[in-house]
Protein chains: 2
Amino acid sequence: MSREAQFLTAIHSNGLRMTRQRQLILEVLEASQEHLDAEAIHDRVKARDPRIGLATVYRTLALLKAMGLVKEHSLGEEHGHFEMVQKVPHYHFTCIGCRQVIEFEASAVMEAVQSLIDREGVQVMDVHLSLTGYCSNCREERATNHEVKVEV
Amino acid sequence: MSREAQFLTAIHSNGLRMTRQRQLILEVLEASQEHLDAEAIHDRVKARDPRIGLATVYRTLALLKAMGLVKEHSLGEEHGHFEMVQKVPHYHFTCIGCRQVIEFEASAVMEAVQSLIDREGVQVMDVHLSLTGYCSNCREERATNHEVKVEV
DNA sequence: GCACCTATTGATAATAATTCTCATTATCAA
DNA sequence: TTGATAATGAGAATTATTATCAATAGGTGC
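Reading the values: the criteria
Residues numbered from 1 in each chain as written. Chains lettered and ligands numbered in written order. Predicted model: local features only at pLDDT ≥ 70, side-chain atom pairs only at ≥ 80, totals over all residues. Heavy atoms only, no water. Pairing = 2+ DSSP bridges. Helix = DSSP H or I, 4+ residues; strand = E, 2+ residues; numbered from the N terminus. Core = buried A, V, L, I, M, F, W, Y, C linked by side-chain atoms within 4.5 Å. Buried < 20%, exposed > 50% of the residue type's maximum accessible area, 1.4 Å probe, protein only. Contact = heavy atoms within 4.5 Å. Buried area = accessible area lost by both parts, 1.4 Å probe. Salt bridge = Lys/Arg side-chain N within 4 Å of Asp/Glu carboxyl O. Nonpolar A, V, L, I, M, F, W, Y, C, P; charged D, E, K, R; others polar. Near = heavy atom within 4 Å. Polar contact = N/O pair within 3.5 Å; in protein donor to acceptor, adjacent residues only side chain to side chain. Domains from an automatic or database assignment.

Participant: Even after reading the chapter, I still don't get the sheet that holds strand β3 (residues 81-84) of chain A, so can you show me in this structure?
Facilitator: Consider a sheet: its strands pair through backbone hydrogen bonds, and that pairing is either parallel or antiparallel. All names here are of chain A. The strand order across the open sheet formed by three strands is β1-β3-β2, and the pairing between neighbours is antiparallel. Each edge of the sheet is formed by a strand with only one pairing partner; in this case those strands are β1 (36-37) and β2 (70-73). One ladder, built from four bridges, connects β2 with β3; its direction is antiparallel. Note on β3: the bridge partner recorded for His-73 is His-81.

Participant: I would appreciate a short explanation of the nonpolar core in the present structure.
Facilitator: Inside soluble globular proteins, nonpolar side chains tend to come together where they are buried. Of all hydrophobic cores here, the largest spans 34 residues; its most connected members are A:Leu129 and B:Leu129. Mapped onto this core, the elements with two or more residues apiece are β4 (91-95), β5 (101-104), α5 (107-120) and β6 (123-134) of chain A together with β4 (91-95), β5 (101-104), α5 (107-120) and β6 (123-134) of chain B. Once residues within four sequence positions are removed from consideration, A:Leu129 is found in contact with A:Tyr91, A:His92, A:Phe104, A:Val109, B:Val109, B:Val127, B:His128 and B:Leu129.

Participant: What am I meant to see in the interface of chain A and chain B here?
Facilitator: Where interface size is quoted, it is often the accessible area lost as the parts come together. In this complex, chain A contributes 41 residues to the contact, which on the side of chain B involves 41 residues. The contact between chain A and chain B buries some 3300 Å² in all, and 64% of this surface belongs to carbon and sulfur atoms. Our enumeration of links across chain A and chain B arrives at zero salt bridges. Counting only elements with at least two residues in the side of chain A that touches chain B, the list comes to α4 (54-66), β5, α5, β6 and α6 (136-145) of chain A. When residues of the side of chain A that touches chain B are assigned to their parent elements, the largest contribution, 12 residues, is made by β6(A). Here the residues of the side of chain A that touches chain B sort into 25 nonpolar, nine polar and seven charged.

Participant: Sorry if this is basic, but what is going on with the protein's contact with DNA strand D here?
Facilitator: For DNA strand D, the set of nearby residues contains 22 residues, the closest of which are A:Arg22, A:Thr56, A:Arg59, B:Arg17 and B:Tyr58. Of everything in DNA strand D that lies within 4 Å of the protein, sugar and phosphate atoms constitute 68%. Contacts to DNA strand D include B:Met18, whose backbone N or O atom sits 2.9 Å from a phosphate oxygen. Contact distances for DNA strand D include 2.4 Å between a phosphate oxygen and a side-chain N or O atom of B:Tyr58. Secondary-structure elements contributing two or more residues to the surface near DNA strand D are α2 (20-31) and α4 of chain A together with α4 (54-66) of chain B. Grouping the amino acids of the surface near DNA strand D by side-chain chemistry returns six nonpolar, eight polar and eight charged.

Participant: Looking at this model, I keep getting lost on the protein's contact with DNA strand C. Mind explaining?
Facilitator: With respect to spatial proximity, 21 residues lie near DNA strand C, and among them A:Arg17, A:Tyr58, B:Arg22, B:Thr56 and B:Arg59 are the closest. Put simply, 72% of the atoms of DNA strand C that lie within 4 Å of the protein are in sugar or phosphate. Here a phosphate oxygen of DNA strand C sits 2.9 Å away from a polar atom, N or O, in the side chain of B:Thr19. At a separation of 3.5 Å, a phosphate oxygen of DNA strand C approaches a polar backbone atom of B:Ile52. When contributions to the surface near DNA strand C are tallied by element, the ones reaching two or more residues are α4 of chain A together with α2 (20-31) and α4 of chain B. Looking at the surface near DNA strand C residue by residue, the classes come out as six nonpolar, eight polar and seven charged.

Participant: Explanation requested: the domain arrangement of chain A in the structure shown.
Facilitator: Considered domain by domain, chain A is made up of domain 1 (1-72) and domain 2 (86-152). The distance between the C-alpha centroids of domain 1 of chain A and domain 2 of chain A comes to 26 Å.

Participant: Looking at this structure, I do not really get the environment of A:Leu54. What am I missing?
Facilitator: Residues and elements named next belong to chain A. Within the secondary structure, Leu-54 is located in helix α4. For Leu-54, a relative accessible area of 26% corresponds to the partly exposed category. C-alpha separation for the pair Leu-54 and Glu-39, spaced 15 residues apart in sequence, amounts to 7.4 Å.

So, in structure tokens, the structure goes:
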């Protein structure tokens, strides 16, 4: 089942309605391989329909998250970034220097999560692994600068 | 070296000054095994010196984070929670129902991080693994309620 | 101990991200 | 086509955090 069909099914089975706005926001998310924030999604959606408000973007993202179709990441920033949920779970490394994001897979993570489930009997709804640091380029730059001071 | 001594050394080697406020905030953090947010830390510090402002708490937390003595977690909420860095890395599961936090260790996580370092040549400054879901109690409650609706 | 330089503080204004409010519009079942 | 009500847009409100700035207080040299 396509994600659009999944969305439609989830919407109808909850007594909700499919709207042009929800349709467009889903399309923007599906078309992008990046990790857009709400503002960026709003910009792209507005390009197709200038009347859509930012609040609707937030509302739809909350809905998609609740349905498990979208994940939110912090990526070392103070505001959220969003992406469609993939089949294989993956995680993010964000460079503090150049803000680039490196995605990576690591089956060991879900194994560790499973052992927590086995031990504690919890039900895990969301797994969030996020690394920050310096990519190899920014790492070299910093090394030559001999930074020792604490930067607050 | 005690954490207090570490803090003092880091402060002096950066041309900064040790103050009563910084001292108190560090003591509050060390005395607590919980994951306090800035407001809670402020409350506890005020009990010992009512003049201390919230801004100073945030400034000191930022300083301690930059020095690697304190870690900030989101714990599924929209504001930060803080704790002293421990020798052995550990992670957090937060129950959406009762807000309880379960801490757990998982050496597999740092192994996965190491393999990313080896592969990409990145320098990792911070690792953040956070799970949300329902603890065994809340899980059972939900099961008997037969919830199917999407809650936004 | 005293004075000086300037890091730090407290109080509060400002900012940023997100959520809420409410009158208006639009979906969709009958 | 109509009616009930879900959803929207615009902007106000909220929340967490950061910035501003005059007053205060570490800590170094005398």
